[in-house]
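Structure assessment
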Amino acid sequence: MEDKMRVLRLRWSGYVMRRGTNTPVRRCERFELRYFDPFLVLDEFSVSAPAGFPDHPHRGFETVTYMLQGAVTHEDFEGHKGTIGAGDLQWMTAGRGVVHSEMPAAEGTQKGLQLWINLSSKHKMIQPRYQEISSANIAEATKDGVKVRVIAGEALGIKSTIQTKTPTMYLDFTLKPGSQIQQPIPKSYNSFVYILEGEGIFGQDSRTNSPIPSHNLLLLSGFGDGLVACNKGTKILRFILVGGEPLGEPIAQLGPFVMNTQQEIDQTIEDFENCTNGFEKARHWRSQARVKLGY
């Protein structure tokens, strides 16, 4: 089957999260990714205090936060809190409702990725849950100049411990110069590559495909035998490969609320504003970060 790739550039946008303070976020806002079932958003964020992501709600999907540099402190209205450092992972299933904050935990710049994965209609109103793995406990394998960190799914014979409601693979590859990897992808999955460092050649024919540099996102189709990636440069190539089982359901979205119908969105707004049906504890809750900032 012929390889087909659509190359999208993630662009920076100001993401205003507290009075006049911007948190720079590199986001793919193209239609192709926003409705690349089951994925909703991929952000590469770069944040320094006092900017951040203070108290905000979610319903109907999962957020996957993977830190690349620095650390963020998170807390929610159920009392769940902690710090995610470089290389750490948080897989949050918002389900019927979460209100939480994510703020810088150290001086300097904190960088990471956040992926939003849709939930099926049968899972949208489940109880929220967190799965958190420290960097030291993320499954890793190395072979022939290739290192992979298995966030979700399986690669090079090792599996992640993350349990996903929507079947998902999430792999962090680092290729030394001259190395190559062929990674199987389930045929039913929609998948994409996001290049973090260096440049690489992607596709079955490394002789004719041109190198693609960092901060480009590749939507994949027609990869019957999986993805082939090759590093013919002089520096390391690092990219994530993400794939998921399409849900095939309608999407109704209003910011941090993702449901199936407009009626469900209207109900979600009513629930949030009235602090009901999963948002009860939001009525009197303020994060410690918000109290400290005085607003």
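No experiment lies behind these values; they were computed from the predicted model shown.

**A word on the sheet that holds strand β21 (residues 212–213)**
- As summarised here, the arrangement of the 4 strands in space is β18-β23-β20-β21, forming an open sheet in which the pairing is antiparallel. Each edge of the open sheet is held by one strand with a lone partner, namely β18 (180–183) and β21.

**Quick notes on the packing of aromatic side chains**
- Overall, the coordinates contain 9 aromatic pairs when judged by the stated rule.
- On the numbers, 5.3 Å between centres and 90° between planes, the contact of Phe39 with Phe192 is edge-to-face. Separated by 153 residues along the polypeptide, Phe39 in strand β4 (residues 39–47) and Phe192 in strand β19 (residues 190–197) bring together distant segments of the chain.
- Look at Phe39 and you get buried, because its relative accessible area is 1%.
- Here the aromatic cluster, defined as three or more aromatic residues joined through ring pairs, consists of Phe173, Phe202 and Phe239.

**Quick look at the pattern of salt bridges**
- In total, this model carries 5 salt bridges according to the counting rule given.
- Between Asp271 and Arg59 there is a salt bridge, and its shortest N-O distance comes to 3.0 Å. Here the residue Asp271 occupies a position in helix α2 (residues 262–274), and Arg59 occupies one in the loop between β5 (53–58) and β6 (61–69), the gap between them amounting to 212 residues. Side by side, Asp271 and Arg59 carry an identical accessibility label, which is buried.
- Of the charged contacts, one joins Arg238 and Glu197 as a salt bridge, the two residues approaching to 4.0 Å between their closest N and O atoms. Of this pair, Arg238 sits in strand β24 (residues 237–244) while Glu197 sits in strand β19, and the two are 41 residues apart along the sequence.
- Overall, the relative accessible area of 35% leaves Glu197 in the partly exposed class.
- Here the salt bridges share partners, and the residues they tie into one network are Asp172, Glu197 and Arg238.

**Structural notes on the pairing of strand β7 (residues 71–76)**
- With 5 of its 6 residues buried, β7 lies for the most part within the structure.
- Inspection of the sheet shows β7 paired to strand β8 (residues 81–85) by 5 bridges, in the antiparallel sense. Within β8, the residue paired with Thr73 across the bridge is Thr83.
- Counting the residues that bridge the hairpin from β7 to β8 gives 4 residues, and of these Gly79 lies at a positive phi of roughly 95°.
- Where β7 meets strand β10 (residues 98–104), 5 bridges bridge the pair, whose relative direction is antiparallel. Residue Glu75 lies in a different strand from β10, and its bridge partner there is Ser101.

**With respect to the sheet that holds β5**
- If you trace the 4 strands from one edge of the open sheet to the other, you get β5-β10-β7-β8, paired in antiparallel fashion. Edge positions in the open sheet fall to β5 and β8, since each of these has one partner strand only. Each neighbouring strand pair of the sheet contributes to a mean axis angle of 25°, computed without reference to strand direction.

**Observations concerning the confidence of the model for the protein chain**
- Confidence in the prediction for the protein chain averages 87 pLDDT; 83% of positions are at 70 or higher.
- Segment residues 12–21 is flagged for pLDDT under 50; beyond a separation of four residues in sequence, or across chains, it makes 31 contacts in the model.

**Looking at unusual backbone geometry**
- Following Asp37, the chain continues to Pro38 via a peptide bond in cis, the omega torsion being 10°.
- Here Pro38 is to be found in the loop between α1 (31–34) and β4.
- At Asp144, a residue that is not glycine, the phi angle is positive and equals roughly 50°.
- Within the secondary structure, Asp144 is located in the loop between β13 (139–143) and β14 (146–152).

**As for the side chain of Thr268**
- Considering the arrangement of structural elements, one finds Thr268 in helix α2.
- You can call Thr268 buried: its relative accessible area is 0%.

**Quick look at the UniProt feature "binding site: Fe cation" (unreviewed entry) in the protein chain**
- UniProt's feature table lists "binding site: Fe cation" (unreviewed entry) at His56, His58, His100 and Glu102, given in the numbering used throughout. Sequence-wise these annotated residues cover 47 residues; spatially they are packed, their C-alpha atoms never more than 12.8 Å apart.
- Turning to its location among the elements, His58 is positioned in strand β5.
- Exposure remark for His58: the relative accessible area of 2% places this residue in the buried category.
- Excluding its chain neighbours within four sequence positions, the residues that come into contact with His58 are Thr63, Met92, Ala94, Gly97, Val98, His100, Trp116, Pro256, Phe257 and Phe279.
- Side chain to side chain, His58 and His56 meet in a polar contact 3.4 Å long.
- Beyond its immediate stretch of four places on either side in the chain, His100 contacts Pro54, Asp55, His56, His58, Glu75, Asp76, Met92 and Trp285.

What counts and what doesn't
- Residues numbered from 1 in each chain as written.
- Predicted model: local features only at pLDDT ≥ 70, side-chain atom pairs only at ≥ 80, totals over all residues.
- Heavy atoms only, no water.
- Pairing = 2+ DSSP bridges.
- Helix = DSSP H or I, 4+ residues; strand = E, 2+ residues; numbered from the N terminus.
- Phe/Tyr/Trp six-rings, centres within 6.5 Å; stacked < 30°, edge-to-face > 60°.
- Buried < 20%, exposed > 50% of the residue type's maximum accessible area, 1.4 Å probe, protein only.
- Salt bridge = Lys/Arg side-chain N within 4 Å of Asp/Glu carboxyl O.
- Axes fitted to C-alpha atoms, helices over the stretch in contact; angles between N-to-C directions.
- pLDDT = per-residue confidence, 0-100.
- Contact = heavy atoms within 4.5 Å.
- UniProt positions renumbered as here; feature names shortened; annotations may be inferred.
- Polar contact = N/O pair within 3.5 Å; in protein donor to acceptor, adjacent residues only side chain to side chain.

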